[in-house]
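The chain contents come next:
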Amino acid sequence: MSDPILEVRKLNKSFGPVHVLHDVDFNVYPGEVTALVGDNGAGKSTLVKCIAGIYGTDSGEIRFEGTPVTMNDPRVPTSLGIEFVYQDLALADNLDITQNMFLGREETNSKVFLADGLMEKKARAALESLDVRTVSSVRQPVASLSGGQRQTVAIAKAVLWNSKVVFLDEPTAALGVAQTKQVLDLVRRLADQGRGVVLISHNMNDVMAVADRVAALYLGHVAAEVKTAETNTAQIVELITSGRSDGLGLSAQAVNESI
Amino acid sequence: MSSNVTESTAAPGADRPGRFSLDVDERTIGGAFRGWVGRLRSGEPGALPSVLGLVVLVIIFSQLSDRFLSKYNIGAIPTQGAYIAVIALGIVFVLLLGEIDLSAGTAGGTCAAIAAVAVSKGSLHHGLPSGMFWALLIGQLAAIALAVWLRSYVPAIIVAIGFVLVVTNLTQHLFLALVAAICIGTAIGTLTGWLVAKVGIPSFVVTLALFLAWQGVLQFALSGKPIDTSNYDLWHNLTYGNLSPTVSWIFIVVVVGFYLAYTLLTSMRAKAANLAHDTIALVLLRGGVIAVVAVIVTILANTNRNTNPYRVIEGIPVPAAIAIVLMVLATLALTKTTWGRHLYATGGNTEAARRAGIDVVKMKVSAFALCSSFGALGGILLASSQSSASLDLGGSNVLLFSVAAAVIGGTSLFGGRGKPRDAIIGAIVITVIPNGLLLKPSLGPQWQQVITGVVLLIAAAVDAISRRRAARS
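Rules of the game
Residues numbered from 1 in each chain as written. Chains lettered and ligands numbered in written order. Predicted model: local features only at pLDDT ≥ 70, side-chain atom pairs only at ≥ 80, totals over all residues. Helix = DSSP H or I, 4+ residues; strand = E, 2+ residues; numbered from the N terminus. Rg over C-alpha atoms; globule rule 2.2 N^0.38 Å. Buried ≥ 20, exposed ≤ 12 C-beta atoms within 10 Å, placed from the backbone. Contact = placed C-beta atoms within 7 Å. Axes fitted to C-alpha atoms, helices over the stretch in contact; angles between N-to-C directions. Parallel < 35°, antiparallel > 145°, perpendicular 65-115°, else oblique. Nonpolar A, V, L, I, M, F, W, Y, C, P; charged D, E, K, R; others polar. Pairing = 2+ DSSP bridges. Domains from an automatic or database assignment. Expected span 1.5 Å × (residues − 1).

J.: Explain the overall build of chain B residue by residue, including any values.
T.: Secondary structure summary: chain B contains 19 helices and four strands in total. Taking 473 residues into account, the globule formula puts the C-alpha radius of gyration at 23 Å, and chain B, at 23 Å, falls close to it. When its C-alpha atoms are laid out on the principal axes, chain B stretches across 75 × 60 × 40 Å. Burial status across chain B gives 46% buried among its 473 residues. For chain B, the share of sequence-separated contacts (at least 6 apart) that also reach a separation of at least 24 residues comes to 76%.

Here it is in structure tokens:
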């Protein structure tokens, strides 16, 4: 077992009087898909935004490759190689796939003119490395893509930058059956190539299908971090809804305190 | 976008069908045509509706009057419409962001009037009402500070140049006065951009207010008296002048040669790099058509078109050359630079642009600054074509016609879609209407308003329908 590439230790975050995250421990391992599950309001988004540098933290520590880092600006995680694919994807419909993948980080000739050919090649290489077969041209405008293709582009955009950790927020939420499978395959490939992948999802089928381990959040506490192979859907659902399941999860006392 | 031709030396992955199959294609002449038809069907009509509209108008007007298609009349169209084309070019930058600038016309008129005062009175300090001179200086300094604060350094430098020209009274020289007017336009645009992007007032309201305000400022600047600009040769020739036949040829050869060389080089480079590209035949066909048209136009332009035998009028009109050069520059800036890419992205999805690390505020400020700078040049051209810096310079319908030109050409009001080319074609349409009607005196000026309105409505309908089709496909 390798060391985690990203470690969150004893993270606390409050919004005024509301204590949203309690001593959260969360680890992301290279080459593994870690599912982050929890009911609405459990603190998934807050945790991600703390790591993304969008929210500040009250106490606790974030370590990247063993070194403590301060995520006080969205540019910090990006510079470390941590990419976030949000639910609304943030693609510009009027631009094509290549233009979207390089948005804000365009390659240029002599700092003035865009190097479109170079970007096109790199975009194609990124999609090829993920074995994407659903996109016939990287010059297609994003407006003409299906939901699954858009998700693919958004993920490939994250891969393009040699990311080491990729956070995916509900990547299959709006997709059909076939497209969901394509995206999940893609998620798996991301991890197989050695990246740490965090899959935020409500869908237990997805989680069981691709995740190596599951971290369940319950009212701002980490109820449990378990290996997918050693658990089952019913147990995870119980962890999400009541914070404990058999021997796993929070103590009855902790559950009562947090309610 | 599609073609049956697949290269034998195709990229890695060609053995696996369906994988970027289109990207290693050569686009042949037939493929380009099919792609164009496909885009039309899927709701991307491009310039076609405006060009068709122009053809229809030309046919109608040539039936109304046999003078319409005379060389003299066609040669007069750039003189009459250059200001609309230039202001519309500026408006395109703002429309691409999904914003609007209603004040570009009157702001430009004010800038042109300041230039007129500077050269006719010999000094802005004495020419402008005393308070206004100091207000101008303070305003320019404020614009520099704002631009620097908003990290828009290029506008800041341009405004600073204007400030120096005004302070040193170099504006008594006509050329420098016109440069200063454009720089003052940049200052005005920076202010507008700040109000929209940083203060957060909707651009419609900001520019509506400024549209009214600049009209008043213009009258202050002129102290209530219009200034004749036809005595200044340079200014007069901006719209009435013609390039000499030799210069006309040089101009056309440079522009068309640049285009041909660029497209050929792009195609060959893409082929070498194994990217999607147009075949040499397609590039040559397109370039050849453009070259032939350009040569025919130049030959016609270089023959005397004056019906009056005492004076020879020949050569490409200066205003046409100005519009073409600005269009080329704007197109390069929008399609080949990071700035242009970011402008399209900001207009298409502001949130995506922000998350990609694009400084959205800076983009907006630069677009408004450019728009007002183009507006200032438009005001200068308008003063030239009506031979006077009048009290309503750039007022009344000027701005509305310019917005109409951009929209008729195919620029979307919702941002993210549009090209500088659209503004030029739209401006020709807008200019041809009064030009054609004027040749038939029995049709009063009221027809101009009605026809322009109907054309604009049709253009907007084409845009709306094509967007719906695009959304469905």
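J.: Account for the overall build of chain A, with residues named and values stated.
T.: Broken down by element type, chain A carries nine helices and 14 strands. Here the C-alpha radius of gyration of chain A, 19 Å, is about what a compact globule of 259 residues would show, namely 18 Å. When its C-alpha atoms are laid out on the principal axes, chain A stretches across 60 × 40 × 35 Å. Residue burial in chain A is summarised as follows: out of 259 residues, 47% are buried. Sequence-distant contacts in chain A: of pairs separated by 6 or more residues, those separated by 24 or more amount to 64%.

J.: Run through unusual backbone geometry, naming residues and quoting values.
T.: With a phi angle near 45°, Glu170 of chain A is a residue other than glycine that sits in the positive phi range. Tracing the sequence through the fold places Glu170 of chain A in the loop between strand E9 (165-169) and helix H6 (177-192). Note on Glu170 of chain A: 19 C-beta atoms within 10 Å, which makes it partly exposed. With a phi close to 60°, Ser387 of chain B is a non-glycine residue in the positive phi region. Among the residues examined, Ser387 of chain B registers 16 C-beta atoms within 10 Å and is labelled partly exposed.

J.: Summarise the packing of helix H5 (residues 147-160) of chain A against H6 of chain A; cite the residues concerned and give the values.
T.: Residue and element names in this part refer to chain A. Direction vectors running N to C along H5 and H6 enclose 10°, while the axes themselves pass 9 Å from each other. Relative to H6, H5 is oriented roughly parallel. Of H6, the residues touching H5 (which contributes Gly147, Gly148, Gln151, Thr152, Ile155 and Val159) are Gln179, Gln182, Val183, Leu186 and Leu190. The residue makeup of the contact of H5 with H6, split by class, is five nonpolar, six polar and no charged.

J.: Kindly report on the interface of chain B and chain A, identifying the contributing residues and their values.
T.: Taken together, the contact pairs 31 residues of chain B with 25 residues of chain A. Mapped onto the side of chain B that touches chain A, the elements with two or more residues apiece are helix H11 (245-272), helix H14 (338-348) and helix H15 (350-355) of chain B. No other element matches H14 of chain B, which puts five residues into the side of chain B that touches chain A. When grouped by side-chain class, the residues that make up the side of chain B that touches chain A number 14 nonpolar, nine polar and eight charged.

J.: An account of the sheet that holds strand E3 (residues 33-38) of chain A is requested, with residue identities and associated values reported.
T.: Residues and elements named next belong to chain A. Here six strands make up an open sheet; going across it, the order is E6-E9-E10-E3-E11-E12 and the pairing mixed. Either end of the sheet is taken by a strand with one partner, and the two such strands are strand E6 (82-85) and strand E12 (221-227). If you compare each strand with its neighbour and ignore which way they point, the axes differ by 15° on average. Contacts between H5 and the sheet are confined to E6 and E9, with E6 contributing the most and set at about 170° to the helix.

J.: Quick one: what's the story with the sheet that holds strand E4 (residues 59-64) of chain A, residue by residue and with numbers?
T.: Residues and elements named next belong to chain A. Taken together, four strands build an open sheet; the order of strands is E2-E1-E4-E5 and the sheet is antiparallel. Either end of the sheet is taken by a strand with one partner, and the two such strands are strand E2 (18-28) and strand E5 (67-69). Adjacent strand axes in the sheet meet at a mean angle of 30°, parallel and antiparallel pairs treated alike. By the bridge criterion, three bridges tie E4 to E5 in an arrangement that is antiparallel. Across the sheet, residue Ile62 finds its bridge partner in E5, namely Val69. Lying on the sheet, helix H1 (residues 44-52) is in contact with strand E1 (6-15), E2 and E4; it crosses E2 at an angle near 70°.

J.: Run through the domain arrangement of chain A, naming residues and quoting values.
T.: Residues and elements named next belong to chain A. What the domain assignment lists for chain A is domain 1 (1-81 + 164-259) and domain 2 (91-162). A straight line from the C-alpha centre of domain 1 to that of domain 2 covers 28 Å. Each partner contributes to the interface: domain 1 provides twelve residues, whereas domain 2 provides twelve residues. Going through the elements one at a time, E9 and H6 are the ones with two or more residues in the side of domain 1 that touches domain 2. At six residues, the largest contribution of residues to the side of domain 1 that touches domain 2 is made by H6.

J.: Account for the pairing of strand E10 (residues 196-200) of chain A, naming residues and giving values.
T.: All names here are of chain A. In terms of residue burial, E10 counts as a mostly covered element, since five of its five residues are buried. Both faces of E10 are covered, namely the face carrying Gly196, Val198 and Ile200 and the face carrying Val197 and Leu199. Examined bridge by bridge, E3 and E10 share four bridges and lie parallel to one another. For Leu36, the partnering residue across the bridge sits in E10 and is Ile200. Pairing between E9 and E10: five bridges, direction parallel. In the strand pairing of E10, Leu168 is matched with Leu199.

J.: Outline helix H17 (residues 398-409) of chain B, listing residues and values.
T.: Residue and element names in this part refer to chain B. With twelve residues, H17 ought to run about 16 Å at 1.5 Å a step, and its terminal C-alpha atoms sit 17 Å apart, in line with that. Among the twelve residues in H17, eleven count as buried, and that is most of the element. Those residues of H17 lying buried are Val398, Leu399, Phe401, Ser402, Val403, Ala404, Ala405, Ala406, Val407, Ile408 and Gly409. Positioned one or two residues after H17, Gly410 has a phi angle of 120°, which is positive.

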